[in-house]
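# Structural overview
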Amino acid sequence: MLRVPHKTHATSLENAGSQNKVRLLEGVLDAAELGLIAIAPDGRIAVWNRWIARASSIPSKQASGKRLERLFPEIVNTRLETAVTAALTRGQSSSLSHAFAATSLPLVCDHQDRAAFSRMQQSIRVEPINIGDGQRHCLVHITDVTAIVQRERVLQEKAKRCQELADVVEARAQELTKSNEALGDFSYIVAHDLKEPLRGMRMYAQCLSDDYADRLGDSGLEQLQQIDNQGARLQDLIDALLEFSQVGCVDLALGETSIQGIVDEVLQSLRASLEEKGVSVRIPEELPNVYCDHIRIAEVFRNLITNALKYNDKDDPWIELSWHHASNLKGGVDDDAAIVFSARDNGIGIDEKHLESVFGVFKRLHEREAFGGGTGVGLAIVKKIVERHGGRIWVESEHGVGSCFHFSLPMKDK
Amino acid sequence: MSNLTEDQRDLIGELVNLGIGRGARSLSEMTNEEVMLSVPCVDLRTRSNAAADLETALSPQIVAIRQEFSGAFAGDAILLFPQSASVELIRVLLANNPALEAMTELEQEALSEVGNVILNACLSSFGDMLEVELSTALPVEHRGSPEEALESASCGATNDDAVLYISIDFSLQGRQIKGYVVFVLGVGSLKSFQEHVDRYLERMSVS
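Residues numbered from 1 in each chain as written. Chains lettered and ligands numbered in written order. Predicted model: local features only at pLDDT ≥ 70, side-chain atom pairs only at ≥ 80, totals over all residues.

### Some thoughts on the interface of chain B and chain A
Between chain B and chain A, the contact holds 25 residues from the first and 27 residues from the second. Of all elements in the fold, only helix H1 (6-31), helix H4 (105-130) and strand S4 (134-136) of chain B reach the threshold of two or more residues within the side of chain B that touches chain A. Sort the elements by how many residues they give to the side of chain B that touches chain A and H4(B) lands first, with ten residues. (Contact = placed C-beta atoms within 7 Å. Helix = DSSP H or I, 4+ residues; strand = E, 2+ residues; numbered from the N terminus.)

### Notes on the sheet that holds strand S11 (residues 338-345) of chain A
Residues and elements named next belong to chain A. Read across the open sheet, the five strands follow the order S8-S10-S11-S13-S12; overall the sheet is mixed. Taken across any chain shown, the strands that pair with only one partner, and hence form the sheet edges, are strand S8 (280-282) and strand S12 (393-398). With direction set aside, neighbouring strand axes in the sheet form an average angle of 15°. Note: S11 against strand S13 (residues 402-410), seven bridges, orientation antiparallel. Bridge pairing in S13 places Ala343 opposite Phe405. (Pairing = 2+ DSSP bridges. Axes fitted to C-alpha atoms, helices over the stretch in contact; angles between N-to-C directions.)

### Some points on the packing of helix H11 (residues 294-310) of chain A against helix H12 (residues 378-388) of chain A
Residue and element names in this part refer to chain A. Packing of H11 against H12 brings their axes to within 9 Å, and their N-to-C directions diverge by 145°. Between H11 and H12 lies a crossing of left-handed hand. Mapping the contact onto sequence places Arg296, Glu299, Val300, Asn303, Leu304 and Asn307 in H11 and Gly378, Leu379, Ile381, Val382, Ile385 and Val386 in H12. Of the residues in the contact of H11 with H12, the class split is seven nonpolar, three polar and two charged. (Left-handed = near helix turned anticlockwise from the far one by under 90°. Nonpolar A, V, L, I, M, F, W, Y, C, P; charged D, E, K, R; others polar.)

### Brief notes about the confidence of the model for chain A
Overall, the predicted model of chain A reaches an average pLDDT of 83, with 86% of residues at or above 70. Here strand S1 (residues 2-3) of chain A stands out as the least confident element of chain A, with mean pLDDT 52; strand S2 (residues 35-39) of chain A is the most confident, with 95. (pLDDT = per-residue confidence, 0-100.)

### Considering the nonpolar core
Counting 72 residues, the largest nonpolar core has Ile78(B), Leu80(B), Cys122(B), Val181(B) and Val182(B) as its most contacted members. The element contributing the most residues to this core is H4(B), with twelve residues. When near neighbours in sequence (up to four residues on either side) are disregarded, Cys122(B) contacts Val16(B), Gly19(B), Ile20(B), Ala77(B) and Val181(B). Counting residues in each nonpolar core, the second largest holds 40 residues, with Val300(A), Leu379(A), Ile381(A) and Ile385(A) among its members. (Core = buried A, V, L, I, M, F, W, Y, C linked by C-beta atoms within 7 Å. Buried ≥ 20, exposed ≤ 12 C-beta atoms within 10 Å, placed from the backbone.)

Structure (structure tokens):
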């Protein structure tokens, strides 16, 4: 509750005559950047400052001595009227927020640019004043919050739109998940169903070759062989497509995994090929443990090592497997909390213009049967596996000198 | 610290229930939503115990609305919510967009009014029934720990002084939100308050 002392100790006021004191107080009230209405114990207006006179278009002389509800009949039975009564009769202070049901006075903003908010949005405080004569007055403070309301409406609107967009993205993501699942099922069914007639075609081609070789002649047999070769090729492509589609569908079995252990297993399984081509494998530093899917990451290493093995025409082929913390390697990785593995070779290298496209599905840079053939899906599968772990894969290469494939894996489960 | 007798506790509980009921009606009218408030617990404890209990019951970070009161007895009435619950409460009352992370300036002001309505309703109930006059100052918002909120009381009470400790359950639109009201009474005011409560009990027994 606001208490005004009987006698002020301010020297300037003591020295001034009572008339000057009144003028000074009126000046202070009129200079205030908020509306101030003082209401006497009998409910009549005692003070009406310049701010409220301007906002209400009711001059002070016209308002003085009137009851507030006479000037503004719309406040009858509102929180404002209740608050004024509570302040005068019980000494109760009230804070009336703009946000709840209408309490405000019909005041108008004097700013032209607030056309949409020409009616002023107000925050009102009602406080009893004890001036020492035993009777209680009431002070109503009115603050213009129109600009704040306008700003918060824009903010709310933006937040609402962001929420709507987030909901749309979420719904689309769910649709996409469903459609991916359906596509996975579809790929499996198609692959399975295509393989059966394909097997039949190859079988009948074989029967023709066995039973009618004498009537077909060399030319006919060669054409039959071509049918079988094309069929075998188609079967490889279907198998590769099936494998690629399943990488995206099957849940990862994540766990703390020794990458050195994975690489040892892969090298063991490829030992015959490595020895046949005389490839030396260098691992300068033991590879670390990472949180990943053991089987999938083994596929990544198998693919990269097999590629390094296949695409090498040097007399002393080698492959080097190493690792770094992402922060120690400039560029390429956005996540500092990742480990980057690198597989470097002294193979045939990749032309700069193909550096990005090598990770595409069915992408082969050479003749179909060159360098041992293949479906061209291997690196696409590798990329998909790495990305499903939250990592990235990229390649640096110099044509004729060698390539270095890098891929990152987050250090912890994301 | 003097304890409350069973009769005193019952009467204070009744007075708070009466006030809280009025507060709930006012909030319902303001928001056009059915707001139910109930008072499961009224107790007297030291300020430091109350702060520790509030930290456990609510959270280390709270929002408090504090109002000074004066008259036959003086002190500070404080309504406390966990910060997250205060945002939820005000968003439900105002039907505002929940996507904004922090409470906006106008939402804070609205929360001040909610506190103002509840605290004024409780103090009016004390004033009306105990036939005393209690004036209140404007509400002040406070953010921080419960201990800081209780220390912000301006009535000069210390850690060992008794405070009136009241839990309040808000029920609105199927949600339950827990808050507390603490009355920190100034020096001598607890005694005066208890005397007024006893006088009322005597009047009741005579009639």
